[in-house]
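Chain by chain, the residues run as shown.
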Amino acid sequence: MFTDTHCHIFSEYYSQDKVLELVEQAKNQGVTKLINNGTDSRTNREVLLLSQKYENIYPAIGIHPEVTEYIEDDYIFIEKNISSIVAIGEIGLDYHYDNIDKELQRKIFKRQLDIAQKQNKPVIIHSRDATKDTIDILKEFPGLKGIIHCFTGSLETADEYIKMGFKLGMNGVITFKNSKFRDILKNIPLESIVLETDSPYLSPEPVRGTRNEPANIVHIAKFIAEVKGITVDELSKITEKNVEDIFDI
Ligand SMILES: [Zn+2]
């Protein structure tokens, strides 16, 4: 059994019929739980509605760093729905593009970490080209737990996050032919790894280039098990235990 700890099952990517098919295909591959991550006020509402329809799609809601303005109602919405969600996410910092408002991103990130800390909710974090600020800000909110999603950083960075109580989300990126992550992965403790697809993005090898789906967790699992020299079953037991350590699902 597997949990896809990070996907985006939104109507803009998957039609209603497709969601049913995608859930069935995932189940057939042993991917029995999906954590659906909202990214803005519209998708957060969608995520909550979809979870009422499918008991194995768990809702995480949050405001992604790509938004361009601060709207206090978005955070009041998260607070109001806190008891219905399994995590606050996807939240974080993304300094990849030019002309971004880093100050605004940090404000939005901190506002949500504050809710998570006060309400004792896990967080699902996106951090791109912003490792130092992410770590510095997380240190302002001790006691949080959650996932650093799409982790491809150094062993030193991995250690820092692990020490703070976070697990590292691994997805298709690590399976890409040009990825240099294999050697780092060898040294990351299994107890700190959780699996994710980031569907519809980042399809793993050997289905790279197609629209991603939660069923593709199996390709990521096979890759990690091979690098770690264990069976997929053994990996599944450990990563599911890791999921239970973070989420109440
Ligand atoms: Zn994502």
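These figures come from a predicted structure and were not determined experimentally. Each residue is numbered by its place in its chain's sequence as written, counting from 1. Local features are withheld for residues below a pLDDT of 70 in this predicted model, meaning they are given only at 70 or higher, and side-chain atom pairs are given and counted only at 80 or more; totals for whole chains, interfaces and linings count all residues. Computation of side-chain values: all heavy atoms of the structure, hydrogens and water removed.

A. Structural context of the pairing of strand 3 (residues 57-61). Relative accessibility under 20% of the residue-type maximum defines a buried residue, over 50% an exposed one, and the middle range a partly exposed one, all with a 1.4 Å probe and only protein chains included. Strands here mean DSSP runs of E at least two residues long; helices mean DSSP runs of H or I at least four residues long; both are numbered from the N terminus. Among the five residues of strand 3, five are classified as buried, and the element is accordingly described as predominantly covered. Of the two faces of strand 3, the one carrying Ile57, Pro59 and Ile61 and the one carrying Tyr58 and Ala60 are both buried. Pairing between strands requires that DSSP locate at least two bridges from one strand to the other. In this sheet, strand 3 lies alongside strand 2 (residues 31-37) in parallel orientation, the contact comprising four bridges. Bridge pairing in strand 3 links Leu34 to Ile57. If the strands point away from the viewer and the path from the first strand over the helix to the second runs clockwise, then the crossover is right-handed. For the crossover from strand 2 across helix 2 (residues 41-53) to strand 3, the handedness is right-handed. Relative to strand 4 (residues 87-94), strand 3 runs parallel, the two sharing two bridges. The residue bridging Ala60 from the neighbouring strand is Ala87, located in strand 4.

B. Looking closely at the packing of aromatic side chains. The pairing test for Phe, Tyr and Trp rings, Trp by its six-membered ring, is centres within 6.5 Å, and the orientation test on the planes gives stacked under 30 degrees, edge-to-face over 60, and tilted for anything in between. The final tally for this structure, using the stated rule, is six aromatic pairs. Summarising the aromatic geometry, the rings of Tyr70 and Tyr75 are spaced 5.0 Å apart at their centres and angled 25° between planes, so their arrangement reads as stacked. Joined through ring pairs, the aromatic side chains of Phe10, Tyr13, Tyr14 and Tyr201 make up one cluster. The positively charged end of Lys102 is found above the aromatic ring belonging to Tyr95, 4.6 Å away from the centroid. A ring has a charge above it when a Lys NZ or an Arg CZ is no more than 6 Å from the ring centre and no more than 35 degrees off the ring normal.

C. Seen up close, the coordination of the zinc ion. The donor set covers N, O and S atoms within 2.8 Å of the metal, switching to 3.2 Å for Na, K and Ca, and it leaves out water, so a site may look short of donors. The coordination sphere of the zinc ion, as far as protein atoms go, consists of His6 (NE2), His8 (NE2), Glu90 (OE) and Asp198 (OD), spread over 2.1 to 2.4 Å. In primary sequence terms, the donor set of the zinc ion follows H-x1-H-x81-E-x107-D. Within this pair, whereas Glu90 is found in strand 4, its partner Asp198 is found in the loop between strand 8 (193-195) and helix 8 (217-228), the two being separated by 108 residues in sequence. Among the residues examined, Glu90 registers a relative accessible area of 3% and is labelled buried. For Asp198, a relative accessible area of 8% puts it in the buried group.

D. Region of the structure containing the side chain of Thr3. Topologically, Thr3 is positioned in strand 1 (residues 2-7). A polar contact is formed between the side chain of Thr3 and the side chain of Glu240, at a distance of 2.8 Å. Pairing of N or O atoms within 3.5 Å defines a polar contact, subject to two protein rules: one partner must be a possible hydrogen donor and the other a possible acceptor, and residues neighboring in sequence count only if both atoms are side-chain atoms.

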